[in-house]
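Results of the structural survey
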Amino acid sequence: MTGDTPEFCPLGIDGILVRFARVLTEEANAQALAFRDAVAVAALPGVGEIASSLTSVRVSFDPTVTSRMSLMEQLREIAQTLSAQALSPKRLWHIPVAFGPDHAPQLAEAAALAGVTEDQAVAEITGQDLRVIAIGFAPGQPYLGMLPPHWDIPRQGSLTESLPRGALIAAVRQLIIWAADAPTGWRHIGQTAFEVYRPDAAEPFAFAPGDVVRFARVSDHEFSALRQGDGNGGARCEVLR
């Protein structure tokens, strides 16, 4: 792959893999998601499932309707016409987070591993918009990134038996908002009152890949009030396009 040109690779007898990078970057993730959406809108004859990963997209096709060569040419044209607007996020989430000792029991440890103070860690977490690069592990659970390189910290040496729903977790250079009470090998560095998964809602998953999240620090007192609400936890969604 050269420059911004994606790789187009045969995948099985009925698939094409379009890879935008071999290492995760925000740009490659944005390109993969925008390409997936553009292929879906194009409704090309014979195309079946369109599945994106962090930096690539698998496009399946019916060999009785279209050929791999013909489809590859169509996909190349779509990749070449992705606009800057298509790569930009559609929604920005503003989410309050408590970083007090009762709500961030491993913040100090994570900050030390990252080589920053606790205040610097919170400033870095709240000072940039973090992209929803994937949803997974638990229903609606977002993986947000990327933090600066010094946040490439190791996992714990042992498992934490359970962390509460809404916990903010540091996992290498990504942050995760815990979707349900569950164990983890990563560190609990903050707490939200936001429910990322609401099974009874019209749209059970709050986030979609490509959304961006902006965290705001709140006091323990403010957080207690937010926790008494309806599960929104003071979060606000801003539609960007």
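First, a word on scope: everything that follows refers to the structure included in this document. (Residues numbered from 1 in each chain as written. Predicted model: local features only at pLDDT ≥ 70, side-chain atom pairs only at ≥ 80, totals over all residues. Heavy atoms only, no water.)

**Topic: the overall build of the chain**
Test applied: Labels follow the DSSP assignment, with helices taken as runs of H or I lasting at least four residues and strands as runs of E lasting at least two, numbered in each case from the N terminus. Buried, partly exposed and exposed residues are distinguished by accessible area as a fraction of the type maximum, computed with a 1.4 Å probe on protein chains only: under 20%, between the cut-offs, and over 50%, respectively. Between two residues, a contact is recorded if the distance between any of their heavy atoms is within 4.5 Å. Areas reported here follow the Shrake-Rupley algorithm with a probe of radius 1.4 Å; residue values treat only the protein chains shown as occluding. All tallies of charge rest on Lys and Arg as positive and Asp and Glu as negative; His and the ends of each chain are not included. Note on charges: their place is set at NZ of Lys, CZ of Arg, CG of Asp or CD of Glu.
Broken down by element type, the chain carries 6 helices and 14 strands. Relative to its full complement of 241 residues, the chain shows a buried share of 45%. Long-range contacts, defined here as pairs at least 24 residues apart, represent 66% of the contacts in the chain between residues at least 6 apart. Accessible area for the chain stands at about 11700 Å²; split by element, carbon and sulfur atoms hold 53% of it. Charged side chains in the chain number 19 positive and 27 negative. The centres of these two groups are separated by 4 Å.

**Examining the packing of helix 1 (residues 26-42) against helix 2 (residues 68-80)**
Put simply, the rule is: Inter-axis angles, ranging from 0 to 180 degrees, are taken between N-to-C directions of lines fitted to C-alpha atoms, where helices are fitted over the stretch in contact. Should an angle fall under 35 degrees it is taken as roughly parallel, and over 145 as roughly antiparallel, whereas 65 to 115 is taken as roughly perpendicular and any remaining angle as oblique. Two helices that cross are described as forming a left-handed crossing if the nearer one is turned anticlockwise from the farther one by less than a right angle, and a right-handed crossing if clockwise. All amino acids are sorted into three groups, where Ala, Val, Leu, Ile, Met, Phe, Trp, Tyr, Cys and Pro are nonpolar, Asp, Glu, Lys and Arg are charged, and the leftover types, Gly among them, are polar.
Contact geometry of helix 1 with helix 2 gives a least axis separation of 10 Å together with a crossing angle of 125 degrees. As summarised for this structure, helix 1 and helix 2 are arranged oblique, according to the angle between their axes. Helix-helix and strand crossings are classified by hand; for helix 1 and helix 2 the assignment is right-handed. In this structure, helix 1 uses Phe35, Ala38, Val39 and Ala42 to contact helix 2, whose residues at the interface are Leu75, Ile78 and Ala79. For the contact of helix 1 with helix 2, the per-class residue count stands at 7 nonpolar, no polar and no charged.

**Here we look at the layout of surface pockets**
The gaps of empty space that remain are located by a probe, the size of a water molecule, rolled over the atoms. The test is simple: Of the grid points, spaced at 1 Å and generated over the protein atoms alone, those admitting a 1.4 Å probe that cannot get out make up cavities, while open sets with protein on both sides within 12 Å along at least five of seven lines make up pockets; any residue with an atom within 4 Å of a point is treated as lining. Grid points are joined across faces, edges and corners, and a volume is the space filled by probe spheres set on the points.
Approximately 250 Å³ is the volume found for the largest pocket. Forming the walls of the largest pocket are 20 residues, and the residues nearest its centre are Asp37, Ala86, Lys90, Pro209 and Arg241. Elements supplying a minimum of two residues to the lining of the largest pocket: helix 1 and helix 3 (84-87). Top element by residues in the lining of the largest pocket is helix 1. It accounts for 7 residues. In terms of residue class, the lining of the largest pocket is built from 11 nonpolar, 2 polar and 7 charged.

**Description of the pattern of salt bridges**
As a reminder, the rule being used: Counted as salt bridges are all cases of a side-chain nitrogen of Lys or Arg within 4 Å of a carboxyl oxygen of Asp or Glu.
Using the criterion set out here, one finds 11 salt bridges in the structure. Arg22 serves as the salt-bridge partner of Glu7, at 3.0 Å between the closest nitrogen and oxygen. Taken together, the residues span a long stretch of sequence, with Glu7 in strand 1 (residues 7-10) and Arg22 in the loop between strand 2 (15-19) and helix 1 at a distance of 15 residues. Ionic pairing is found between Asp37 and Lys90, a salt bridge with its closest N-O pair at 3.8 Å. Taken together, the positions of Asp37 in helix 1 and Lys90 in the loop between helix 3 and strand 5 (91-98) put the pair 53 residues apart, joining distant regions of the chain. Judged by its relative accessible area of 40%, Lys90 is partly exposed. Look at the salt bridges and you will find they share partners, linking Glu7, Arg19 and Arg22 into a network.

**Considering the packing of aromatic side chains**
How two aromatic rings sit relative to each other is set out by the distance from centre to centre and by the angle between their planes. Counted only if it meets this: Between rings of Phe, Tyr and Trp, where Trp is taken as its six-membered ring, a pair exists when centres lie within 6.5 Å; planes separated by under 30 degrees are stacked, by over 60 edge-to-face, and by other angles tilted.
Counted according to the given criterion, the structure contains 6 aromatic pairs. Relative to Phe194, the ring of Trp93 has its centre 5.5 Å away and its plane inclined at 45 degrees; by these criteria the two rings are tilted. Here the residue Trp93 occupies a position in strand 5, and Phe194 occupies one in the loop between strand 12 (187-191) and strand 13 (212-218), the gap between them amounting to 101 residues. Every member of this aromatic cluster is reached through a ring pair, and the members are Trp93, Phe194 and Phe207.

**Looking at unusual backbone geometry**
With an omega of 0 degrees, the peptide bond running from Gly145 to Met146 counts as cis. Secondary-structure assignment places Met146 in the loop between strand 7 (142-145) and strand 8 (160-163). Phi at Ala43 is positive, roughly 50 degrees, even though this residue is not glycine. Within the element layout of this structure, Ala43 appears in the loop between helix 1 and strand 3 (47-52). Notably, Val172 is not glycine yet its phi reads approximately 55 degrees, a positive angle. For Val172, the position within the fold is in the loop between strand 9 (167-171) and strand 10 (174-177). Looking at Val172, the relative accessible area reads 27%, which means it is partly exposed.

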